[in-house]
Amino acid sequence: MTILYGDLRSRAHRVAWMLKELDLPFEHVPTHFLDGSTRQPEYLQINPNGRVPALQDGDFKLFESLAINLYLARKHGGPLAPANLQEDALAMQWALWVVSEVEKPLLFAAANLFLFAEHERNADEAAMAMRKLGRPFRVLDAHLRDRPYLLGDRFTVADLNVSSVMTLAPLAGIDLAEWAVMQEWLMRCLERPAAADWKPIKFRIPRPPTPLAVLESFV
Ligand SMILES: N[C@@H](CCC(=O)N[C@@H](CS)C(=O)NCC(=O)O)C(=O)O
């Protein structure tokens, strides 16, 4: 049995999307990340980091959303999976790229535009984060000018991983018009039926006490 832990209004949505693309049956345990559930000893046995998502596949446990998706792609094959060593390397490249170049500044921008309570938002911090995103967004936009998807002609786990991280942009109302090719690709990915079960995010995330803490330990 495959079990996915994590409320779907979190990074667990990426894994649910992947499981649905692959048409795999799975049990969903909607562990929330703001109510202390991820700090319970039973959950820490599943993911010692105390974060969601986590996957249990039989006896095998795995954390890190994008690694879980790469594992599922390789295990189950099909058009979403890398077809050869080069595609495998590129899928890994894009997963590491989106986490290291995009995820943190995008989350920071989204928090200051949408996820923090209104009185805790800071427009200067949002603008600073958007400036940082200029470089990776230019790279992605240029890459997609020659091909419809990251690895070429078909939607793969690379697109799923990168676009799922970028879901925060439309969610927070971030204007991507400057990177029109990237924006078109993003919406094409997010409109896939397996992705399109977003529940509106109604909760607010607490603003960490100092700017440094915002960057260091951020939901
Ligand atoms: N890099 C991890 C990040 C996981 C993560 O930070 N999840 C958030 C929810 S989206 C969480 O569990 N936060 C609770 C906490 O940090 O205590 C992944 O992609 O799986």
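What counts and how
- Numbering of residues starts from 1 in each chain and follows the order in which that chain's sequence is written.
- Restriction of local features to residues with pLDDT of at least 70 applies here, the model being predicted, together with a cutoff of 80 or more for giving and counting side-chain atom pairs; totals for whole chains, interfaces and linings are based on all residues.
- Side-chain measures here rest on the full set of heavy atoms in the structure, leaving out hydrogens and waters.
- UniProt positions are given in the numbering used here, feature names are shortened, and annotations may be inferred rather than shown by experiment.
- Each helix is a run of DSSP H or I of at least 4 residues and each strand a run of E of at least 2, with the numbering of both proceeding from the N terminus.
- Helix span, expected: 1.5 Å multiplied by one less than the number of residues in the helix.
- Three exposure classes are used, based on accessible area relative to the maximum for each residue type with a 1.4 Å probe and protein chains only: buried under 20%, partly exposed in between, and exposed over 50%.
- Nearness is defined per residue: one heavy atom within 4 Å of the molecule or strand is enough.
- Identification of polar contacts relies on pairs of N or O atoms within 3.5 Å, with a donor-acceptor requirement for protein atoms, meaning one able to donate a hydrogen and the other able to accept it, and with residues adjacent in sequence counted only if both atoms are side-chain atoms.
- Interaxial angle, 0 to 180 degrees, is taken between N-to-C directions of lines fitted to C-alpha atoms, where a helix line uses only the stretch in contact.
- Any angle between 65 and 115 degrees counts as roughly perpendicular, while under 35 counts as roughly parallel, over 145 as roughly antiparallel, and the rest as oblique.
- The contact rule is simple, with two residues in contact once any of their heavy atoms fall within 4.5 Å.
- Only Asp, Glu, Lys and Arg are considered charged, only Ala, Val, Leu, Ile, Met, Phe, Trp, Tyr, Cys and Pro nonpolar, and every remaining residue, Gly among them, polar.
- By nonpolar core is meant a set of buried Ala, Val, Leu, Ile, Met, Phe, Trp, Tyr and Cys residues that side-chain atoms within 4.5 Å join together.
- Two strands pair if DSSP finds at least two bridges between them.
- The rule is short: rings of Phe, Tyr and Trp, with Trp giving its six-membered ring, pair when the centres are within 6.5 Å, and they are stacked under 30 degrees, edge-to-face over 60, tilted in between.

Going by what an unreviewed UniProt entry lists, the chain is known as Glutathione S-transferase and is assigned to Variovorax ginsengisoli. Per UniProt, the chain has the following entry under Sequence similarities (unreviewed entry): "Belongs to the GST superfamily."

Undergrad: Tell me about helix 3 (residues 65-76), residues and numbers included.
TA: For helix 3, spanning 12 residues, the distance from its first C-alpha to its last is 17 Å, which sits close to the expected 16 Å at 1.5 Å a residue. Buried within helix 3 are the following residues: S65, L66, I68, N69, L70, L72 and A73.

Undergrad: Explain the site of the ligand to me, using residue names and the numbers behind them.
TA: Inspection of the region around the ligand gives 12 residues, with R39, R51, V52, E64 and S65 positioned closest. R11 places a polar side-chain atom, nitrogen or oxygen, 3.1 Å from an oxygen atom of the ligand. The side chain of R39 places a nitrogen or oxygen atom 2.9 Å from an oxygen atom of the ligand.

Undergrad: I'd like a description of the packing of helix 5 (residues 123-144) against helix 8 (residues 180-190), backed by residues and values.
TA: Where helix 5 meets helix 8, the axes come as close as 7 Å, and the angle between the chain directions of the two elements is 80 degrees. As far as their axial angle goes, helix 8 and helix 5 are roughly perpendicular. Contacts from F137, L140, D141 and L144 in helix 5 reach A180, V181, M182 and W185 in helix 8. Its residues assigned to classes, the contact of helix 5 with helix 8 shows seven nonpolar, no polar and one charged.

Undergrad: Help me get a handle on the nonpolar core, residues and values and all.
TA: Among the nonpolar cores identified, the biggest contains 64 residues, and L72, F137, L140, V162, M166 and W185 are the most heavily contacted of them. For this core, the elements supplying multiple residues, two or more each, are helix 1 (12-21), helix 3, helix 4 (85-115), helix 5, helix 6 (157-166), helix 7 (168-171) and helix 8. Counting residues per element, this core draws most heavily on helix 4, which supplies 14 residues. Counting six residues, the second-largest nonpolar core is a separate cluster that includes I3, Y5, Y43 and I46.

Undergrad: How would you summarise the pairing of strand 3 (residues 54-57) if you had to cite specific residues and measurements?
TA: Residue alternation in strand 3 divides its side chains into two sets, A54 and Q56 and L55 and D57, and both sets are buried. Where strand 1 (residues 2-5) and strand 3 come together, four bridges link them in antiparallel fashion. If you follow L4 over to strand 3, its bridge partner there is L55. Across four bridges, the pairing between strand 3 and strand 4 (residues 60-63) is antiparallel. From the neighbouring strand, Q56 faces strand 4, where its bridge partner is K61. Remark: two residues form the turn of the hairpin made by strand 3 and strand 4, two consecutive strands paired antiparallel; G58 in that turn has positive phi of roughly 65 degrees.

Undergrad: Give me the packing of aromatic side chains: which residues, what numbers.
TA: Considering all chains together, one arrives at six aromatic pairs under this definition. Here Y5 and Y43 contribute two aromatic rings whose centre-to-centre distance is 5.9 Å and whose plane-to-plane angle is 65 degrees, an arrangement assigned as edge-to-face. Taken together, the residues span a long stretch of sequence, with Y5 in strand 1 and Y43 in helix 2 (residues 41-46) at a distance of 38 residues. No difference in accessibility class separates Y5 from Y43, as the two residues are buried.

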